[in-house]
Amino acid sequence: MSEAIATERTAYNFAYLDEQTKRAIRRAILKAIAIPGYQVPFASREMPMPRGWGTGGVQVTAAIIGPDDVLKVIDQGADDTTNAVAIRGFFTRVANVATTTRTVEATIIQTRHRVPETPLNADQILVYQVPIPEPLRFLEPRETETRKLHALADYGTMHVKLYEDIAHFGEIATTYAYPVTVDGRYVMDPSPIPKFDNPKLDDCPALQLFGAGREKRIYAVPPHTRVVSLDFEDHPFAPQRFTEPCALCGATGVFLDEVILDDRGGRMFVCSDTDFCNGRQAAGHRGRLAGNPIESGEGADV
Amino acid sequence: MCEEPLLIAEGLTKFYGARLGCRDVSFTLHAGEVLAVVGESGSGKSTLLGLLSTELAPSAGHVRYSMRDGSLRDLAELSEPERRLLLRTDWGFVRQSPEAGLRMAVSAGANVGERLMAVGWRHYGNIRGAAADWLGRVEIAADRIDDSPKSFSGGMRQRLQIARNLVTAPRLVFMDEPTGGLDVSVQARLLDLIRSLVADLGLAVVIVTHDLAVARLLSHRIMVMKEGCVIEEGLTDQVLDDPQAAYTQLLVSSVLQS
C-alpha cells in the first residue's frame, strides 16, 4: 500500500481527497441517512475552490463517487454555468469519471439551487450544495441553542416567520430555502432551492445528500422519506405557479427563469432546467420564441 | 380559594462562587395570590426570582410546583421539555426591560402569537384572533397589530409584553420591576391594568420591586429582603403600616410622603 502511494507521490488520490478523509465523510453520511434531516458535523476540508462555491457538495460527491459513476453538475438548473462547468471539470481531472448533462444518464447529480425536472430513480444520488444548513439560524443566532431546539423538536418559532409573512404580504412570501419537516421529526433547510421543488423531495426514490462545507454539516433524506413543507391550516403550502409555458420548449408545470430581452419591457420565460428544455426541443416541442426550423436552414426541402 | 399551595420554596440558597445571592428563603404561594419581594438593589430579589423561575440553579433548597394535572413536582427534577412547556404555558415572565422579553424584530401580533404557535397552534386565523383579542385587553389599538414593537412607546411595549405572557392563560406570572423606567402617569395606568388582569384571571404573581407603592397597590403579601436574606414578611398593609424590622422601618420612612 505504502509503495503505491510512494511511487505516485505527486499525483492526486482518486477523487482528490485522501482515503481516510473519505472514510470520515462516509461515516458522517451514514449517520445522516440513519437520522433523516439531522445535521451531522464533519471535519470539512479545504478544497481547491473558495468556500461558498459548493465545497460541501464537492466533498460529499468525492466521498461517494466511484470510477463507474456518471456525474452531472447543475447550477441554478443549468449545466453550462461557471460553477457547474468548474466542478464537472474538477471531477473529470481528479477522478477521471464520465460526465453528462443528461439527467437520465447520471448516477450522481450535484446541484445548486434546483432539483431536476426529470423524475429521479432509485439508482441516482442527488447531492445538494448548502450555504446555511441551519433553518433556525435567522430566529436563533446561538448554535448551542439551535441544537437544543432540534433535540427537543421545539420548532414553534419557525411558524413565527411564516406568520410575519402572512401578516405583511397576505401569503407566505418565503419562496426559496422553504423549511420542511423530514420524517415527522427534524425541521430541515432544503438548501436554497425554489419552493417549487419542495414537493419533489417528498417520497423521492433517489437518495438525497446535503453538504455544507463552510458550516461543516452533512444531512440527508433517505429514499422514500416523508418531507412536508411547513404551513398553516388556513394558509397551506403552495409552490410557485407560472402563467405561461416555456418560450423555447412550450413546457408547462416546470420552473421558469425570466429573461429580459430588451429595454422596452420585453421578456421571455424559459425552463431553468436546460437539460429538460433541450430534451423537449430535440423531441420536436416548440415554444413561442423557439427558432423556426425553416428560417434556420433545417428542413429546407419542405 | 384553593387549599393546596401552587408553589412551595424551601430553603432556597444561591451562591455565586463565594458571594451570596440569597440565603435560606422559604415561602408558599397559593393560586390567585400576589407576593411582592422588596428590598434595595443587590438584596437578592432578582436572584430569588431567577431561582423560582428555573433560570438559575439553586446551591441548596427546592422549589415545588403544583402542575396542571395536580401533581406536586420538584422543579429541579423536571425534564427539559417539561420545563420549557411549563415556562410557556403555565407561567409568564414579565421583565423590567421589554426589549428582553419581546421579540423586537417581529410584529406585535407575532409576539403575542408566538407562545400559541410554540404549543402547536397551526391555524393563522385563530392565532391572529387571539392576538387581536389580547392586544385589546392590554389597550393597544387593533390597527397596531402588524407594527413592530420598535415603533411602540415604553408603556405600550410593557403592555405588549404582558399580553404575550398571558395569552396561554398562565396560573403564575413572575414580574421583575414591571414599572421600572416608565414615567409616573404611565406607571399608574400600567399598575391599574395589571391589577385588573390579576383580579380577573385569578393569577398568582411574584413581583419583584424596589417601589413600595407598587407593592402596596398590587400585592397581598410582602417579603422584605436585605443582603440576601428575608428579614420580614407578612400581609402587605401590616408590614408597610407597622414595620417591625429596623431596615423595613427605614425603607418605609424613606418614601416621600405626599
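What counts, and at which threshold
Residues numbered from 1 in each chain as written. Chains lettered and ligands numbered in written order. Predicted model: local features only at pLDDT ≥ 70, side-chain atom pairs only at ≥ 80, totals over all residues. Heavy atoms only, no water. Pairing = 2+ DSSP bridges. Helix = DSSP H or I, 4+ residues; strand = E, 2+ residues; numbered from the N terminus. Axes fitted to C-alpha atoms, helices over the stretch in contact; angles between N-to-C directions. Contact = heavy atoms within 4.5 Å. UniProt positions renumbered as here; feature names shortened; annotations may be inferred. Salt bridge = Lys/Arg side-chain N within 4 Å of Asp/Glu carboxyl O. Buried < 20%, exposed > 50% of the residue type's maximum accessible area, 1.4 Å probe, protein only. Core = buried A, V, L, I, M, F, W, Y, C linked by side-chain atoms within 4.5 Å. Buried area = accessible area lost by both parts, 1.4 Å probe. Polar contact = N/O pair within 3.5 Å; in protein donor to acceptor, adjacent residues only side chain to side chain. Nonpolar A, V, L, I, M, F, W, Y, C, P; charged D, E, K, R; others polar. Domains from an automatic or database assignment. Lys, Arg positive; Asp, Glu negative; His and termini not counted. Parallel < 35°, antiparallel > 145°, perpendicular 65-115°, else oblique. Left-handed = near helix turned anticlockwise from the far one by under 90°.

Q: Help me understand the sheet that holds strand β2 (residues 19–29) of chain B in this model?
A: Backbone-to-backbone hydrogen bonds pair the strands of a sheet. The strands run either parallel or antiparallel. Residues and elements named next belong to chain B. Across the sheet, four strands lie side by side as β2-β1-β4-β5; this open sheet has antiparallel pairing. Edge strands, defined here as strands with exactly one partner in the open sheet, are β2 and β5 (72–74). Mean inter-strand twist for the sheet, computed between neighbouring axes without regard to direction, equals 20 degrees. Bridging between strand β1 (residues 7–16) and β2 involves seven bridges; their strand directions are antiparallel. Opposite Y16, over in β2, you have R19 as the bridge partner. Its contacts with the sheet put helix α1 (residues 45–52) on β1, β2 and β4 (60–66), and the angle it makes with β1 is roughly 120 degrees.

Q: How should the UniProt feature "domain: ABC transporter" (unreviewed entry) in chain B be read in this particular structure?
A: UniProt annotation of "domain: ABC transporter" (unreviewed entry) refers to residues 7–252 of chain B when read in the numbering used here. Helix makes up 40% of residues 7–252 of chain B and strand 26%, whereas the separation of the span's terminal C-alpha atoms amounts to 28 Å.

Q: Help me understand the pattern of salt bridges, please; the structure alone is not making it clear to me.
A: By the definition in use, this model includes 39 salt bridges over all chains. Residues R267 of chain A and E258 of chain A are paired through a salt bridge, measuring 3.2 Å at the closest nitrogen-oxygen approach. On the basis of relative accessible area, E258 of chain A is assigned to the partly exposed category, the value being 41%. R264 of chain A is paired through a salt bridge with D262 of chain A; the nearest N and O atoms lie 4.0 Å apart. By relative accessible area, D262 of chain A is classed as partly exposed at 29%. When salt bridges that share partners are traced, they join E145 and D154 of chain A together with E80, R83, R84 and R88 of chain B into one network.

Q: Just checking my understanding: could you explain the pairing of strand β12 (residues 267–271) of chain A for this structure?
A: A regular strand places its side chains so that they alternate between the two faces of the sheet. Residues and elements named next belong to chain A. Burial analysis of β12 places four of its five residues in the buried class, which makes it a mostly covered element. Pairing of strand β11 (residues 256–260) with β12, which is carried by five bridges, proceeds in the antiparallel orientation. The residue of β12 that forms the bridge with L256 is C271.

Q: Would you explain the nonpolar core in this entry?
A: One finds Y163 and F232 of chain A together with V112, L160, I162 and I207 of chain B to be the most contacted residues of the largest nonpolar core, which totals 68 residues. Residues in contact with I207 of chain B, not counting those within four places in the same chain, are V34, L35, A36, V37, M175, P178, V214 and L218 of chain B. Listed in part, the 30 residues of the second largest apolar core include F42, M49, F90 and L207 of chain A.

Q: What is the right way to read unusual backbone geometry from this model?
A: Peptide bonds are mostly trans, and most non-glycine residues show a negative phi. Residue and element names in this part refer to chain A. Positive phi outside glycine occurs at S191, with the angle close to 70 degrees. Of note, S191 is situated in the loop between β7 (186–188) and α7 (198–201). Located in the positive-phi region is H224, a residue other than glycine, with phi close to 55 degrees. With respect to the helices and strands, the residue H224 is situated in the loop between β9 (217–221) and β10 (227–229).

Q: What is the right way to read the sheet that holds strand β3 (residues 34–38) of chain B from this model?
A: All names here are of chain B. Taken together, six strands build an open sheet; the order of strands is β6-β7-β8-β3-β9-β10 and the sheet is mixed. The sheet terminates laterally at β6 (91–94) and β10 (229–235), the two strands that pair on one side only. With direction set aside, neighbouring strand axes in the sheet form an average angle of 15 degrees. Those strands touched by helix α10 (residues 246–253) are β3, β9 (221–226) and β10, and its axis lies near 105 degrees from that of β9.

Q: What should I look at first to understand the interface of chain A and chain B in this one?
A: With 20 residues of chain A in contact, the opposing surface of chain B contributes 21 residues. Summing both partners gives a buried area of about 1,800 Å² for chain A against chain B, and 60% of it is carried by carbon and sulfur. Together, L152, V160 and Y163 of chain A form the three largest contributors to the area buried by chain A at its contact with chain B, with a combined 31%. A salt bridge links E145 of chain A to R84 of chain B; the shortest N-O distance between them is 3.2 Å. One can count 12 residue pairs in polar contact (both at pLDDT 80 or more) joining chain A with chain B. Elements that contribute at least two residues to the side of chain A that touches chain B include exactly α5 (143–151) and α6 (156–169) of chain A. Per element, the largest residue contribution to the side of chain A that touches chain B is nine residues, and it comes from α6 of chain A. Of the residues belonging to the side of chain A that touches chain B, the class tally is eight nonpolar, five polar and seven charged.

Q: How should the domain arrangement of chain A be read in this particular structure?
A: Accessible area lost during the coming together of the parts is what is often quoted as the interface size. Residue and element names in this part refer to chain A. The domain boundaries assigned to chain A delineate domain 1 (2–229) and domain 2 (241–290). On a C-alpha basis, the centres of domain 1 and domain 2 stand 27 Å from each other. Both sides together, the interface formed by domain 1 and domain 2 hides about 900 Å², and carbon and sulfur atoms give 50% of it. On the domain 1 side of the interface with domain 2, the three residues burying the most area are R114, E117 and F196, jointly 49% of the side's total. For the pair domain 1 and domain 2, the interface holds zero salt bridges. There are six residue pairs in polar contact (both at pLDDT 80 or more) connecting domain 1 and domain 2. A per-class count over the side of domain 1 that touches domain 2 returns four nonpolar, five polar and five charged.

Q: Whenever I open this one, the side chain of K195 of chain A confuses me. Can you help?
A: All names here are of chain A. Summarising the element assignment, K195 is placed in the loop between β7 and α7. It turns out K195 is buried and unbridged, and the closest side chain with the opposite charge, E171, is 6.3 Å from it. When near neighbours in sequence (up to four residues on either side) are disregarded, K195 contacts I172, T174, T175, Y176, Y178, F237, A238, P239 and Q240.

Q: In this structure, what is going on with the packing of helix α6 (residues 154–166) of chain B against helix α7 (residues 184–201) of chain B? I would like to understand it.
A: In a packed pair of helices, the relevant descriptors are the angle between the two axes and the axis-to-axis distance. All names here are of chain B. Their axes nearest at 10 Å, the elements α6 and α7 cross at an angle of 15 degrees. Between α6 and α7, the angle falls in the class roughly parallel. Crossing hand, α6 versus α7: right-handed. Contacts between α6 and α7 involve G155, Q158, R159, I162 and L166 from the former and V186, R189, L190, L193, I194, L197 and L201 from the latter. The residue inventory of the contact of α6 with α7, partitioned by class, reads eight nonpolar, two polar and two charged.

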